[in-house]
Amino acid sequence: MTKSENCLTYSDKIILAPMVRVGTLPMRLLALDYGADIVYSEELIDWKFLRTMRRVNDVLGTVDFIDRSDGSVVFRTCAKEKDKVVVQLGTCDPDRALKVAKLIENDVAGIDINMGCPKEFSLKGGMGAALLKQPVKAKAILSTLVQNIKIPISCKIRVLPSVDDTINLVTELVSTGISAIAVHGRTKDERPQHPNRNSTIKKIAQSIDIPVIANGGSREIEKYSDIGKFLEECGCSSVMLARSAQGNCSIFRRQGQKPLDSVIVDYLRYAVDYDNAPSNTKYCIQNMLKELQETPKGKKFLECQTLEQICALWDLGDYCRRKELEYQAKGNLGRRQVTP
Ligand code: FNR
């Protein structure tokens, strides 16, 4: 299908990587504020999405996809990210993937297929990295979406142990007409402590003519200026950051990172504004605090159960209370995002 005019493009971009539980709306908006060009959602499983109904939430100013059985918000988005958000799907089935894509194509900028997740849940379900071994199925999913959906389609893979096998696979995937491919330079069995295969990413980028988004460099990327070196080694113009953004999202700031407490304050405002679930908010802040959870403030934080309690630790207790009252006055408060 001809893609819409002014659609998302993937060259020269700095991108927030898909991260389960981390890539919910507050983190995506924060990454955009700090300078990310594109933000990926956490991986959302196709059949879970198919249990949802779309609802415009006038109180929060969001579009929510709500699970029909338990009322939880599976995906929440808003106008501010509409042109920049890519939803990542976990799927092993072209028809199911297409049904989800039809459900969301007017609310988001792009759709990505996860072909790199090494977790047992994905592999057993034939999703994620299982698709690297099933190119026929992987291609069927991508070409079904490319042919029937008006927004760009991409996929995110891991490399295979052999460079040639990886290039052959990528060439096959690119033949479906996808708009970009993100490559994490580790194999399915390699873990974060293994070096990222930057030279393989470079060879892939030299072999195909769509944007390759280099991924896997967080260990080498401690500050904004490290991004350029990683891109050069990978021969790419676009990069996708996961762990470095999870730890301090202001990595996207050209002017340099902000102190962590200031990032947490910025994050919490969005968590309050978009009624993010306290459990999800807490998880994201824990990932920022890391060993600081052992400090007296960190220990107090771990005891918090409500958004207001968390906010109070960063002097936002009044802000949180005011917003909650404002939302209650407007009527039905949007249902909270519940993540697995
Ligand atoms: C991930 N990663 C990941 N990848 C993906 O395709 N879909 C996902 O939902 C997730 N979820 C996820 C959660 C968390 C907490 C982490 C740390 C990672 C993998 C991620 O996108 C990326 O490929 C790797 O982390 C390597 O990139 P970095 O971290 O070196 O920038």
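These figures come from a predicted structure and were not determined experimentally.

S.K.: Looking at this structure, I do not really get the site of the ligand. What am I missing?
M.R.: Near the ligand, the surroundings consist of 18 residues, among which Gln-88, Lys-156, Asn-215, Ser-218 and Arg-243 are the closest. Within the complex, 84% of the 610 Å² of free accessible area of the ligand lies under protein. Among the elements of the structure, strand 11 (238-241) and helix 9 (243-247) are those that each provide at least two residues to the shell around the ligand.

S.K.: Would you explain helix 5 (residues 135-148) in this entry?
M.R.: An α-helical segment advances 3.6 residues per turn. Residues three or four places apart therefore align on the same side. Spanning 14 residues, helix 5 covers 20 Å between terminal C-alpha atoms, matching the ideal 20 Å at 1.5 Å per step. Of the positions making up helix 5, those classed as buried are Ala-138, Ile-141, Leu-142, Ser-143, Thr-144, Leu-145 and Val-146. Buried residues along helix 5 sit against helix 3 (94-104), strand 7 (110-115), strand 8 (153-158) and helix 6 (163-174).

S.K.: Hey, could you run me through the pattern of salt bridges in this one?
M.R.: Going through the model one piece at a time under the given rule, you end up with 19 salt bridges. A salt bridge links Asp-64 to Arg-76; the nearest nitrogen and oxygen atoms lie 2.8 Å apart. With Asp-64 in strand 4 (residues 62-67) and Arg-76 in strand 5 (residues 73-78), the pair connects residues that are twelve residues apart, well separated along the chain. Of the residues examined, Asp-64 reaches a relative accessible area of 0% and is grouped as buried. When salt bridges that share partners are traced, they join Glu-308, Asp-318 and Arg-321 into one network.

S.K.: Looking at this structure, how should I read the environment of Leu-307?
M.R.: With respect to the helices and strands, the residue Leu-307 is situated in helix 13 (residues 307-313). Residue Leu-307 is classed as buried on the basis of its relative accessible area of 3%. Sequence separation between Leu-307 and Cys-320 is 13 residues, and the spatial gap between their C-alpha atoms is 7.5 Å.

S.K.: How do you make sense of the pairing of strand 9 (residues 180-184) when you look at a structure like this?
M.R.: Within a regular beta strand, the side chains point alternately toward one face of the sheet and then the other, so they alternate between its two faces. In terms of burial, strand 9 is largely enclosed, as five of its five residues are buried. Here strand 9 shows a buried face lined by Ala-180, Ala-182 and His-184 and a second buried face lined by Ile-181 and Val-183. In terms of strand pairing, strand 8 meets strand 9 through five bridges, oriented parallel. In the strand pairing of strand 9, Ser-154 is matched with Ala-180.

S.K.: When you look at the domain arrangement of the chain in this model, what are you seeing that I'm missing?
M.R.: Reports often express the size of an interface as the amount of accessible area lost when the parts come together. Considered domain by domain, the chain is made up of domain 1 (14-252) and domain 2 (260-329). The C-alpha centroid of domain 2 is placed 27 Å from the C-alpha centroid of domain 1. Taken together, the contact pairs 22 residues of domain 1 with 19 residues of domain 2. Carbon and sulfur atoms make up 62% of the surface buried where domain 1 meets domain 2, a total of about 1,700 Å² over both sides. The three residues of domain 1 that bury the most area against domain 2 are Arg-21, Pro-26 and Leu-60, which together make up 32% of that side's buried surface. If you look at where domain 1 meets domain 2, you find zero salt bridges. At the boundary of domain 1 with domain 2, the tally comes to six residue pairs in polar contact (both at pLDDT 80 or more). The leading source of residues in the side of domain 1 that touches domain 2 is helix 1 (residues 25-34), at seven residues. Taken together, the residues that form the side of domain 1 that touches domain 2 break down as twelve nonpolar, six polar and four charged.

S.K.: Help me out: how do you make sense of the sheet that holds strand 9 in this one?
M.R.: By way of backbone hydrogen bonds, the strands of a sheet pair with one another, either parallel or antiparallel. Reading around the circumference, 1-2-6-7-8-9-10-11 is the order of the eight strands in this closed barrel, with parallel pairing throughout. Each neighbouring strand pair of the sheet contributes to a mean axis angle of 25°, computed without reference to strand direction. In this structure, strand 1 (residues 14-16) lies alongside strand 2 (residues 38-45), joined through two bridges in parallel fashion. When the bridges of strand 2 are listed, Leu-16 appears paired with Val-39.

Basis of the calculations
- Residues numbered from 1 in each chain as written.
- Predicted model: local features only at pLDDT ≥ 70, side-chain atom pairs only at ≥ 80, totals over all residues.
- Heavy atoms only, no water.
- Near = heavy atom within 4 Å.
- Areas by Shrake-Rupley, 256 points an atom, 1.4 Å probe, with all protein chains shown as cover.
- Helix = DSSP H or I, 4+ residues; strand = E, 2+ residues; numbered from the N terminus.
- Expected span 1.5 Å × (residues − 1).
- Buried < 20%, exposed > 50% of the residue type's maximum accessible area, 1.4 Å probe, protein only.
- Contact = heavy atoms within 4.5 Å.
- Salt bridge = Lys/Arg side-chain N within 4 Å of Asp/Glu carboxyl O.
- Pairing = 2+ DSSP bridges.
- Domains from an automatic or database assignment.
- Buried area = accessible area lost by both parts, 1.4 Å probe.
- Polar contact = N/O pair within 3.5 Å; in protein donor to acceptor, adjacent residues only side chain to side chain.
- Nonpolar A, V, L, I, M, F, W, Y, C, P; charged D, E, K, R; others polar.
- Axes fitted to C-alpha atoms, helices over the stretch in contact; angles between N-to-C directions.

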